[in-house]
Amino acid sequence: MFIKPRKSVLKLNAYKPNFGKKNSNQLIRLSANENPLGCSPKILNSINFSDIHKYPPQHSKDLIFEIANKYKLNKKKIILGNGSDELISIIAQSFLNFDDEAIYTEYGFLQYPQAIAVAGGKAVVAKDNDLTASVENIIKSISKFTRLIYLANPNNPTGTFLSKQTILKLVNNIPRHVILVYDAAYAEYMDEESYTNGINLVENHENVIMLRTFSKFHGLAGLRLGWAYCSEKIVKILMSVKGPFSVNSVAIKAGIIAIGDKNFHKRCFEYNKSNMKWMENELNKLSITYQKSFANFILIKFSGFKGVNALKAESFFSKNGILVRNMKVYNLPEYLRVSLGTINENKLFIKTLKKFVNNLQ
Ligand SMILES: Cc1ncc(COP(=O)(O)O)c(C=O)c1O
């Protein structure tokens, strides 16, 4: 073959979500950590498309104003992205010279090593402890070539989180030229007192970037909208790398409404909490092992009983119309990650799980 991509790109595989094949509208999708309640109903009632023939603003002052207002932030330190995925990528492209190192955690979000490799950097893995990121291992992995550390808190796909105290230990132990990318994609689901959503970290440390998304709690995954909070200096750098119109005008309008709909926020938070409790309880009754999760999904172990393996289970669910995510790419082949669905979808998931377990007898 004459046409070849860059060496670092040769080894990459395209991200493969599990969205099913045909008739996917009839399938129950518990594979992408989406919001089972959809998005704020106010969005569906009020968005108009009257100006989609015009380019969107490069830097939407209106949406940034609403975000800053909600979280009491400095507007100049906010940058929007086409999903937080875009921000994850442009951070790598902005700060990694060829062969510079970026650290991510063993079971950290897969887009991190992808973005690092695309940017020509070297991804360095810091081992987890018990499916939880280890700050000690991250610190040990820092070398003179390290420029970035990507850390999701809570983490996808494990659902585990690190306390503020632990994060502070990390921040206080990294050199000032190394940037911590603190990905708080699931922050809105958290009410643990020991948790930090990262805002204070950014206020106190120039080398921290906090990432947020509208795809999960706000239910706008299809519109692709995320944002970062970081120093003005970093915003300026990221703006010079970002595509000029990567955030579209419909996403901006929807984001403004989403951020202000407190009733919908309350409903989503409580729904997730009670569904998680119900799911844990059902799994306990079946004596099935899972990782305690603080987000809107749960990692369930499918091994250790009657020769079960997770792929067989995934295929059983799929035949019964339910999509879940196998964790082979994360090197967690005994697990399936299951997003919480509506109450009825969760009930169907458990009913199918019981059928699967009974079929093994
Ligand atoms: C930890 C984490 N960060 C970022 C993202 C990407 O979100 P977005 O849809 O905003 O690109 C996800 C999506 O699954 C995620 O789990």
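Residues numbered from 1 in each chain as written. Predicted model: local features only at pLDDT ≥ 70, side-chain atom pairs only at ≥ 80, totals over all residues. Heavy atoms only, no water.

What follows covers the overall build of the protein chain. From N to C terminus, the protein chain includes 13 helices and 13 strands. Against the compact-globule benchmark of 21 Å for 361 residues, the protein chain has a radius of gyration of 21 Å, which places it among compact chains. Across its three principal axes, the protein chain shows a C-alpha extent of roughly 60 × 55 × 50 Å. Residues counted as buried form 54% of the 361 residues belonging to the protein chain. The contacts in the protein chain between residues at least 6 apart in sequence include a share of 73% that link residues at least 24 apart. (Helix = DSSP H or I, 4+ residues; strand = E, 2+ residues; numbered from the N terminus. Rg over C-alpha atoms; globule rule 2.2 N^0.38 Å. Buried < 20%, exposed > 50% of the residue type's maximum accessible area, 1.4 Å probe, protein only. Contact = heavy atoms within 4.5 Å.)

The assigned domain composition of the protein chain is domain 1 (7–37 + 263–359) and domain 2 (54–261). Between the C-alpha centres of domain 1 and domain 2 there is a distance of 25 Å. Summing both partners gives a buried area of about 2800 Å² for domain 1 against domain 2, and 62% of it is carried by carbon and sulfur. Counting the surface domain 1 buries against domain 2, the share from its top three residues, H265, F294 and Y330, is 27%. (Domains from an automatic or database assignment. Buried area = accessible area lost by both parts, 1.4 Å probe.)

We now examine the sheet that holds strand β13 (residues 335–339). Taking strand neighbours across the sheet as the criterion, the 4 strands line up as β9-β10-β13-β12 in an open arrangement whose pairing is antiparallel. Unpaired on one side and paired on the other, β9 (290–291) and β12 (325–326) mark the two borders of the sheet. Note: strand β10 (residues 297–301) against β13, 5 bridges, orientation antiparallel. Note on β13: the bridge partner recorded for L299 is R337. On top of the sheet, helix α11 (residues 262–285) reaches β9 and β10; it is set at about 10° to β10, its chief contact. Running at roughly 35° to β13, helix α12 (residues 310–319) makes contact with β12 and β13 of the sheet. (Pairing = 2+ DSSP bridges. Axes fitted to C-alpha atoms, helices over the stretch in contact; angles between N-to-C directions.)

Turning our eyes to something else, we now look at α12. Where α12 is concerned, the buried positions are A310, A313, E314, F316 and F317. The arc that holds every buried residue of α12, seen down its axis, measures 160°, which confines them to one face. Exposed residues on α12 whose side chains face more than 90 degrees from its buried face are K312 and K319. Taken together, the buried residues of α12 touch β11 (322–323), β12, β13 and α13 (343–359). N-cap assignment for α12: the residue whose side-chain oxygen lies 2.9 Å from the backbone N of L311 is N309. Remark: G321 follows α12 within two positions and exhibits a positive phi of approximately 85°. (Arc of directions from axis to C-beta. Polar contact = N/O pair within 3.5 Å; in protein donor to acceptor, adjacent residues only side chain to side chain.)

Our next topic: the environment of I234. On the secondary structure map, I234 appears in helix α9 (residues 232–241). Distance in space between the C-alpha atoms of I234 and E86 is 15 Å, their sequence separation being 148 residues.

Around the ligand lies a shell of 13 residues, among which S84, D183, T213, S215 and R224 are the nearest. At 2.9 Å from an oxygen atom of the ligand is found a main-chain nitrogen or oxygen belonging to D85. A distance of 2.9 Å is found between an oxygen atom of the ligand and a side-chain nitrogen or oxygen belonging to K216. For the ligand, whose accessible area on its own is 400 Å², the fraction buried by protein is 94%. The dominant element in the shell around the ligand, judged by the number of residues it contributes, is helix α4 (residues 83–95), at 3 residues. For the shell around the ligand, the per-class residue count stands at 4 nonpolar, 5 polar and 4 charged. (Near = heavy atom within 4 Å. Areas by Shrake-Rupley, 256 points an atom, 1.4 Å probe, with all protein chains shown as cover. Nonpolar A, V, L, I, M, F, W, Y, C, P; charged D, E, K, R; others polar.)

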